[in-house]
Amino acid sequence: MKQTMIRKGLLLAIALLLTGCAGLRTLSLQGTEPEERQVIQLIHYAQRVATMTAEQQRREYNAGNQEFARDKEAMSRMRLALLLATPGASVHDAVRAASLLEPMAAAGNNAPGPLRSFARLLYAQLNERASEQKRAVQMREQLEVRKEAERTLREQLEALKEVERTIMQRGQESQPRRR
């Protein structure tokens, strides 16, 4: 339940971020820094990926993997990470997406810039989502343990009730009958 709420909140935040950036498509990109243009292009890419069919996403994943194998630069790394980080995508792999973003988001990497800031944001969201999923798994496990304990207690209670019934019956049978 909590995981669903957090997931919906995260999706809403991403949707709002992307929706707010959708208006950037109409703005002229002249006069913006190259890295800012790259971030805008990545946001547009994320919007496109989110609307693709599962088959299109798989093709995009194969192409992105090949591009990343040839060119390990920031843009190919970010495109592949965005594709893998897309919730509900057929190629969703948050762990790999986070590992792709980690070098760009690392605390030791102090080079400021929009691309690095975007990588940090996405990396933080992926880590938060992973933490929430881990907590959800732990809570499900705790729930199962408690359900099992409840079943055991119910069985013990029923066994005690049966013992009590047996004792009551024996007590009634040992009493002399009145006529």
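Residues numbered from 1 in each chain as written. Predicted model: local features only at pLDDT ≥ 70, side-chain atom pairs only at ≥ 80, totals over all residues. Heavy atoms only, no water.

K.L.:
Quick question: what am I supposed to make of the overall build of the protein here?
P.N.:
Helices and strands together make up the secondary structure of the protein, namely six helices and zero strands. Scanning the protein from its N terminus toward the C terminus, one meets helices and strands in the order α-α-α-α-α-α. Counting every position in the protein, which comprises 179 residues, the buried fraction comes to 28%. The long-range fraction of contacts in the protein, counting pairs at least 24 apart against all pairs at least 6 apart in sequence, stands at 54%. By element, 55% of the accessible surface of the protein is carried by carbon and sulfur atoms, the whole surface being about 12600 Å². (Helix = DSSP H or I, 4+ residues; strand = E, 2+ residues; numbered from the N terminus. Buried < 20%, exposed > 50% of the residue type's maximum accessible area, 1.4 Å probe, protein only. Contact = heavy atoms within 4.5 Å. Areas by Shrake-Rupley, 256 points an atom, 1.4 Å probe, with all protein chains shown as cover.)

K.L.:
Looking at this structure, I do not really get the pattern of salt bridges. What am I missing?
P.N.:
Pairing is possible between side chains of opposite charge, provided their charged atoms come close. Within this structure, the stated rule accounts for nine salt bridges. Linking E150 and R154 is a salt bridge whose minimum nitrogen-to-oxygen distance equals 2.9 Å. Of this pair, E150 and R154 both sit in helix α6 (residues 114-174), four residues apart, roughly one helical turn. For E150, a relative accessible area of 39% puts it in the partly exposed group. Note on R154: relative accessible area 54%, which makes it exposed. Two residues, E162 and R165, come together in a salt bridge whose shortest N-O distance is 3.0 Å. Of this pair, E162 and R165 both sit in helix α6, three residues apart, which is roughly one turn of the helix. (Salt bridge = Lys/Arg side-chain N within 4 Å of Asp/Glu carboxyl O.)

K.L.:
What am I meant to see in helix α5 (residues 94-105) here?
P.N.:
Think of an α-helix as turning once every 3.6 residues; residues three or four places apart then point the same way. All of the buried residues along α5 are A94, A97, A98, L100, L101, M104 and A105. Down the axis of α5, the sector holding all buried residues measures 165°, keeping them to one side. Tucked into the core, α5 has its buried residues touching α3 (54-70), α4 (74-85) and α6. (Arc of directions from axis to C-beta.)

K.L.:
Is there a simple way to explain α6 in this structure?
P.N.:
An ideal rise of 1.5 Å per residue puts 90 Å on 61 residues; α6 measures up with 89 Å between its terminal C-alpha atoms. Here α6 has its buried residues at L115, R116, F118, A119, L122, Y123, Q125, L126, R129, E132 and A136. (Expected span 1.5 Å × (residues − 1).)

K.L.:
What exactly am I supposed to notice about the confidence of the model for the protein here?
P.N.:
As a general rule, the predicted coordinates of low-pLDDT regions are not to be interpreted in detail. Counting all residues, the mean pLDDT for the protein is 83, and 78% of those residues have values of 70 or more. In this model residues 22-29 is a low-confidence stretch, pLDDT under 50, and it forms seven contacts with partners more than four residues away in sequence or in other chains. (pLDDT = per-residue confidence, 0-100.)

K.L.:
Is there a simple way to think about the nonpolar core in this case?
P.N.:
Soluble globular proteins tend to bury their nonpolar side chains together. Counting residues in hydrophobic clusters, the biggest one holds 30 residues, and the most contacted among them are L42, M78, L82, L101, F118 and L126. Looking at this core, the elements that each hand over two or more residues are α2 (34-51), α4, α5 and α6. The leading source of residues in this core is α4, at eight residues. When neighbours within four sequence positions are excluded, L101 is seen to be in contact with M78, A81, A119, L122, Y123 and L126. (Core = buried A, V, L, I, M, F, W, Y, C linked by side-chain atoms within 4.5 Å.)

K.L.:
For this particular structure, what's the right way to read the packing of α4 against α5?
P.N.:
Helix-helix packing is described using two parameters, namely the angle between the two axes and the distance between the axes. Two numbers describe how α4 lies on α5: the axes approach to 8 Å, and their chain directions differ by 150°. The angle between the axes of α4 and α5 places the two elements in the roughly antiparallel class. Seen from above, α4 lies across α5 with left-handed handedness. Residues A74, R77, M78, L80, A81, L84 and A85 of α4 pack against A94, R96, A97, S99, L100, L101, P103 and M104 of α5. Split by residue class, the contact of α4 with α5 holds twelve nonpolar, one polar and two charged. (Axes fitted to C-alpha atoms, helices over the stretch in contact; angles between N-to-C directions. Parallel < 35°, antiparallel > 145°, perpendicular 65-115°, else oblique. Left-handed = near helix turned anticlockwise from the far one by under 90°. Nonpolar A, V, L, I, M, F, W, Y, C, P; charged D, E, K, R; others polar.)

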